[in-house]
Amino acid sequence: MSTASNIATIARREYLVRVRTRSFVLGTALLVIGVLVIAFLPLIVRQLDRVNPTKIAVVASEPGLAQTAAGTLSGVLNAPTGTGIPDPGAPPDFVISVVPDVAAGRRAVVDGTYGALLSLERQASGQLAFTLYTNEPSTGRTAALTRQAATAMAVADRLDTLGVKAADQTALFAPAEFAVTWPDPAKTDPTRDVAGAMGQDMLAFGMTILIFMIVIMYGNWIAMSVVEEKSSRVMEVVLNAATPLQLLAGKVFGVGAVACTQYAAVVLGGGAALLLQGTVAQLVLGTGGGAVDLPQGLTPALLLAFGVYGLLGFLLYATLFAAAGSLVSRQEDVNAAVMPLTLLSTAGYMIGVYAAMGLIDIRAGWVVGLTMVPFLAPFMMLGRISIGAALPWEIVLSLVLLVAMLAVALWVAARIYAVGVLLYGSRPGARVVWRLLREGM
Amino acid sequence: MTLVIDGLRKRFGEVLALDGVSFAVHPGEVFGFLGANGAGKTTTMRIVLGLMKADEGSVSWNGEPARSWPRRTWGYMPEERGLYLRMPVIDQLVHFAALYGVPRRKAREEALAWLERFRIADLADRRAETLSKGNQQKVQYVATMLQDPDVLLMDEPFVGLDPVNVALLKSAFLELRDAGKTLVFSTHQLEQAEALCDSVAIIDHGRIVASGSTRDVRRSTGRQAVRIATSSDDGLDWLAALPECTVTRRGRDYTELRVAAGLDPQVILRGALDRGEEVLRFEVTDPSLEDVFVERVGALDPGEEATLSAVGARA
C-alpha cells in the first residue's frame, strides 16, 4: 500500500485506541474542570470576599482620633490594588468600626467578632504609637496594609502638628506620575504597563509549561506503546505490512492528534469560560459584576509562535522518544532509555521558565545562544517573544535550525527504529546503537 | 512460482547465525522448516520477509528478488501472538487488512465470516488478551486470510494448541495448499511435519543438513526401519548378534530395528522363520523424520529456551 495510506491507517489506530480509553476520557474531563476552576477563580474569590468582609475595630486614647483613623484605614485597606478586577459596585473588603476600649476590643477579636483590633496611643513625645491585635500572621495582608495606613496616619498627625491644613494634605499625598517604558527609543509599541507586562510573562510561562507537558507526557506515551508492540511481537506482523518509517510516522501523528484533541478540549473550555465570565458574573454577583477583560498580551503572533514551537518541539521529541523506546523490550526499561531526552527537555524548560519569570536575564548572551539550540528553543523562545526581546532573524534562525534538526532526528530515529523494533534481550549500549546507525540492519 | 533461498549468511556479532542456508519451495507445497530452538529458523524467515537484511545471499520468488514483489505477497504468523492485546478482535482484523489495502467494510464482512467458520464469532468484540492461546492463533490466521498472501510463512504455528485446534488449522493449511498457495512453517514437532509436509529442510547451527521431499529426506540416511512382532517374547534376542541391526524400540506390540544400508531386511524375516518363530508382523519402512533428525543433528532438547530471536543477546 502507499506510504500515505499506511501512515493514515496506523495513525488512525493509534488515535482511536487512545481516545477510547477510560483514562483518556477521565483525564481530559479533569483537565477541563481544572481550567474552568482557574478561569472562574477570580469570580469565586470575589464571591467569597463579598460574603465575608474582614472586620477591623479601632480604639484610640483621644476622642476624635479613632474616627479619623477609621476613615484613613478604610481608605488604605479598600484602595484598588491595580492587579485586581475593578469593581466599583462591590461591597468593601474591609469594614472598619470604632470600639470604646482596648480590653473589650481584644475580647471581641478573640471570640471572632473582629478580625483585628488597631489601638492608637499618644506617647509622651507627642508621637502616635500603633498596636495591632490579631490572630492572623504578622506578615499577612491585613497587617501589611494596616502598617501602611499607620504610617500615613502618623505623617498626617505630624503635618497637623506643623499646621498644614487638611486640604493641602490631600495634595501632598496625591500619587506621582510614574511610567515604565522600553529602553530602545525606536520601540514604542505595545504600550507598556505593569499589569500588561505581568500578564505577558505569565502567558509565556504557562505556554512553556504546556509545551513541556505535551513533550514529556506524550513522548513517554509513544515510547511505551513501541515497547508494548515489541513485547507482544505484533511488531513483526505490522512490519510485514508497513515500513518502519511509516510505522514511526503513523505513531507520532496519531499520538500528536490525541494531544491536539486533549488540548483543544482544554482551550475550548477555557475560552468558553472567559467569554461567559461576564454573564456568569452578572448572574452570581448581580449588576455590580462588571465585564472581564481577556488576558493582556495574548496576541495572534504569540499564539502562532506557541503553535509552531509546540508542534515542532513535539515532533522532534516524539520521533526520538519512539526511537529510544524501540531499543528496549520491557516496560521497566523505558524510563532509562528515554532519560537523555527527559534531561534535555527538562533543562530547556527550567532555563526557559526562569528566564520568563525574570530570575535570569532573558537578554543575556548565553540565554540567546541557547534559544538557537533546536532541543531547547521550544521551551525558551516564547518567553523572549512575549516580551518582545526576540529579534525577527533570531526567530527565523531558530525555526530553520529546529526544522533541520527534525529532519536529522527523523533519519536517525527511522534507522534506530528499523533495527531496534526487532531487537530483543538486554538493553544495548551506546556502542551497539552507533553500530546500528552506521550499518543499518 | 518457486521460492528460492540461496546462500544466506547472517552474523550477529560473534555468532554466525546463518551459514549458507539454501533451499527451494515449490508452489502449492507445504514446506516444513525443521530445527532445534536457536538453529536459525526465525532468522531465515525474517530475512525472507525482509524484516532483516542478510549479510550475503538472496531470496527470490518466481525468479524475481523477493523485495520486488508487493508486501501483500508475503504473509507471516510469528510464534508468539502477533496481536494488539488490548484491541478488540474485529477492530484489529480490519486494521491489519487495511494495511494491505483491503477496504474496511469488505474486511469487516470477511473477517466476521472467517470468525464464524472458526466458531469464534462471539469473540469478535472481545479484547485479544482475553482469548485463549488457541483462539488467538485462529485470529492471527484470519488476519492472514484477509491479506490473502501467495506465500505464507508461519513460525511454530502448532505450539501450545490442543488437538482439536491443531486439526482445524491443519485442514485450513491443506485447503490453502490446494488453492495453489505456498506454505512454509517452522517446527520442532517432527510428527506434525511428517504428517503435513510435502517437503522439508532440516537446519542445524545455521546450516541446512538435509532438504528435499519428505520421502527423500527420510530415505537420505540409506537406512531402513523394520518393525517385527513374533509369538514368543524372547524370540528376537538373536538380533543383538547382528552388527547391522540396532534395536530402537522394544515394544509390547512390536520391536523396531534400525537396519544399516548393507543388510537386506529380508534376512531378518528369514532368520526369524528359520528359528521356528511365528511372525505376526513384518514391516519394512523408511526411518521417521525424527530418526533422521536425531542422526543428523542429535536429540532435540525440549527444555532449550528460544535464543535466536534475541539479536541483542547475540550482539
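This structure is a prediction, so every number in the text was calculated from the model and none was measured.

## Examining the overall build of chain B
Assigned secondary structure in chain B consists of ten helices and 14 strands. Each of the three principal axes of chain B carries a C-alpha extent, and together these read 75 × 45 × 35 Å. In chain B, which comprises 315 residues, the proportion classed as buried is 41%. Contacts in chain B between residues at least 24 apart in sequence constitute 72% of all its contacts with a sequence separation of at least 6.

## Focus on the overall build of chain A
Broken down by element type, chain A carries 15 helices and four strands. A burial count over chain A gives 33% of its 441 residues as buried. Of all intrachain contacts in chain A linking residues separated by at least 6 positions in sequence, the fraction that spans at least 24 positions is 76%.

## Focus: the domain arrangement of chain B
For chain B, the domain assignment lists domain 1 (3–83 + 147–218) and domain 2 (222–286). Here domain 1 of chain B and domain 2 of chain B have C-alpha centroids that lie 37 Å from each other.

## A word on the packing of helix 2 (residues 89–99) of chain B against helix 3 (residues 104–117) of chain B
Residues and elements named next belong to chain B. With their axes 9 Å apart at the nearest point, helix 2 and helix 3 run at an angle of 130° to one another. In terms of axis orientation, helix 2 runs oblique to helix 3. The handedness of the crossing between helix 2 and helix 3 is right-handed. Two secondary-structure elements touch here, helix 2 through Ile90, Leu93, Val94, Ala97 and Ala98 and helix 3 through Arg104, Ala107, Arg108 and Ala111.

## Quick word on the sheet that holds strand 1 (residues 54–60) of chain A
For sheets, the rule is that strands pair by backbone hydrogen bonds, running either parallel or antiparallel. All names here are of chain A. Taken together, the four strands give an open sheet; going across it, the order is 2-1-3-4, and neighbouring strands pair in mixed fashion. In the strand order of this sheet, the two ends are held by strand 2 (94–98) and strand 4 (128–134), each with one partner. The average angle at which neighbouring strand axes cross in this sheet is 20°, direction not considered. Bridge count for strand 1 against strand 3 (residues 116–122) is five bridges, and the pairing is parallel.

## Some details on unusual backbone geometry
Residue and element names in this part refer to chain B. If you check the backbone angles, Asn62 has positive phi at about 60° while not being a glycine. The residue Asn62 is located in the loop between strand 4 (56–61) and strand 5 (64–65) in this model. Using a count of 15 C-beta atoms within 10 Å as the deciding quantity, one classes Asn62 as partly exposed. Positive phi is not limited to glycine here, since His205 has a value of about 45°. Along the chain, His205 falls in the loop between strand 9 (199–204) and strand 10 (207–213).

## Some details on the sheet that holds strand 7 (residues 151–155) of chain B
All names here are of chain B. One open sheet holds the six strands; their spatial order is 6-7-8-3-9-10, and the pairing between them is mixed. Single-partner strands in this sheet number two, and they are strand 6 (74–77) and strand 10. The sheet shows a mean angle of 15° between the axes of neighbouring strands, direction not considered. Here strand 3 (residues 30–34) pairs with strand 9 via four bridges, running parallel. In the strand pairing of strand 9, Phe31 is matched with Ser199. Seen against the sheet, helix 5 (residues 163–178) touches strand 3, strand 7 and strand 8 (182–187) and runs at an angle of roughly 145° to strand 8.

## Observations regarding the pairing of strand 7 of chain B
Residues and elements named next belong to chain B. For strand 7, the tally of buried residues reaches five of five residues, placing the bulk of the element in the interior. Residues Val151, Leu153 and Asp155 line one face of strand 7 and the alternating positions Leu152 and Met154 line the opposite face, and both faces are buried. Two strands pair when backbone bridges link them, and strand 6 and strand 7 are joined in this way by four bridges, in the parallel orientation. If you follow Trp74 over to strand 7, its bridge partner there is Val151. Pairing analysis gives five bridges linking strand 7 to strand 8, with the strands arranged parallel.

## Some remarks on the environment of B:Leu131
All names here are of chain B. In this structure, Leu131 sits in the loop between helix 3 and helix 4 (133–147). For the pair Leu131 and Leu190, spaced 59 residues apart in sequence, the C-alpha to C-alpha distance is 27 Å. Look past the residues within four positions of Leu131 in its chain and what remains in contact with it is Leu123, Arg126, Gln136 and Val139.

## Some words on the packing of helix 11 (residues 334–357) of chain A against helix 13 (residues 377–386) of chain A
All names here are of chain A. Following both chains from N to C, one finds helix 11 and helix 13 inclined at 10°, their axes separated by 8 Å at the closest point. Comparing the axis directions of helix 11 and helix 13 gives the class roughly parallel. Taking contact as the criterion, the partners of Gly348, Tyr349, Ile351, Gly352, Ala355 and Ala356 in helix 11 are, on helix 13, Phe379, Met380 and Gly383. In the contact of helix 11 with helix 13, the residues fall into six nonpolar, three polar and no charged.

## Some points on the nonpolar core
Core analysis: the biggest nonpolar cluster contains 147 residues, and A:Ala223, A:Ala318, A:Phe321, A:Ala322, B:Leu93, B:Val142 and B:Leu146 have the highest contact counts within it. In terms of residues, this core owes the most to one element, helix 10 (residues 300–326) of chain A, which gives 14 residues. In terms of nonpolar packing, the next biggest core, distinct from the first, is built from 21 residues, A:Ile56, A:Val59, A:Leu73 and A:Val99 among them.

## Considerations on the environment of B:Arg126
Structurally, the position occupied by B:Arg126 is in the loop between helix 3 and helix 4. Among residues more than four places away in sequence, those in contact with B:Arg126 are B:Pro88, B:Val89 and B:Leu131.

## A word on the environment of B:Arg258
Residues and elements named next belong to chain B. For Arg258, the position within the fold is in strand 13 (residues 255–259). Through-space distance from the C-alpha of Arg258 to that of Leu176 is 36 Å; in sequence the pair is 82 residues apart. Apart from residues no more than four positions distant in its own chain, Arg258 is found in contact with Arg223, Ala225, Thr246, Thr248 and Pro287.

## A short note on the confidence of the model for chain B
Residues and elements named next belong to chain B. Overall, the predicted model of chain B reaches an average pLDDT of 84, with 94% of residues at or above 70. Mean pLDDT in chain B bottoms out at helix 10 (residues 311–314), which sits at 36, and peaks at helix 2, which reaches 94. Predicted confidence is poor over residues 302–315, with pLDDT under 50, and the contacts of this stretch with residues over four places away or in other chains come to 36 contacts. Model confidence for the complex is summarised by a pTM of 0.71, with the ipTM given as 0.76.

## Notes on the confidence of the model for chain A
Do not read the predicted coordinates in detail wherever pLDDT is low. Residues and elements named next belong to chain A. Scored by pLDDT, chain A comes out at a mean of 80, with 83% of its residues at no less than 70. Put simply, helix 15 (residues 430–439) is where chain A has its lowest mean pLDDT, 67, and helix 1 (residues 3–19) is where it has its highest, 91. Confidence drops under pLDDT 50 across residues 82–87; counting only partners more than four residues distant or on other chains, this segment forms ten contacts. This stretch, residues 288–292, has a pLDDT under 50; its non-local contacts, to residues over four places away or in other chains, come to 15 contacts.

Criteria and cut-off values
Residues numbered from 1 in each chain as written. Chains lettered and ligands numbered in written order. Predicted model: local features only at pLDDT ≥ 70, side-chain atom pairs only at ≥ 80, totals over all residues. Helix = DSSP H or I, 4+ residues; strand = E, 2+ residues; numbered from the N terminus. Buried ≥ 20, exposed ≤ 12 C-beta atoms within 10 Å, placed from the backbone. Contact = placed C-beta atoms within 7 Å. Domains from an automatic or database assignment. Axes fitted to C-alpha atoms, helices over the stretch in contact; angles between N-to-C directions. Parallel < 35°, antiparallel > 145°, perpendicular 65-115°, else oblique. Left-handed = near helix turned anticlockwise from the far one by under 90°. Pairing = 2+ DSSP bridges. Nonpolar A, V, L, I, M, F, W, Y, C, P; charged D, E, K, R; others polar. Core = buried A, V, L, I, M, F, W, Y, C linked by C-beta atoms within 7 Å. pLDDT = per-residue confidence, 0-100.

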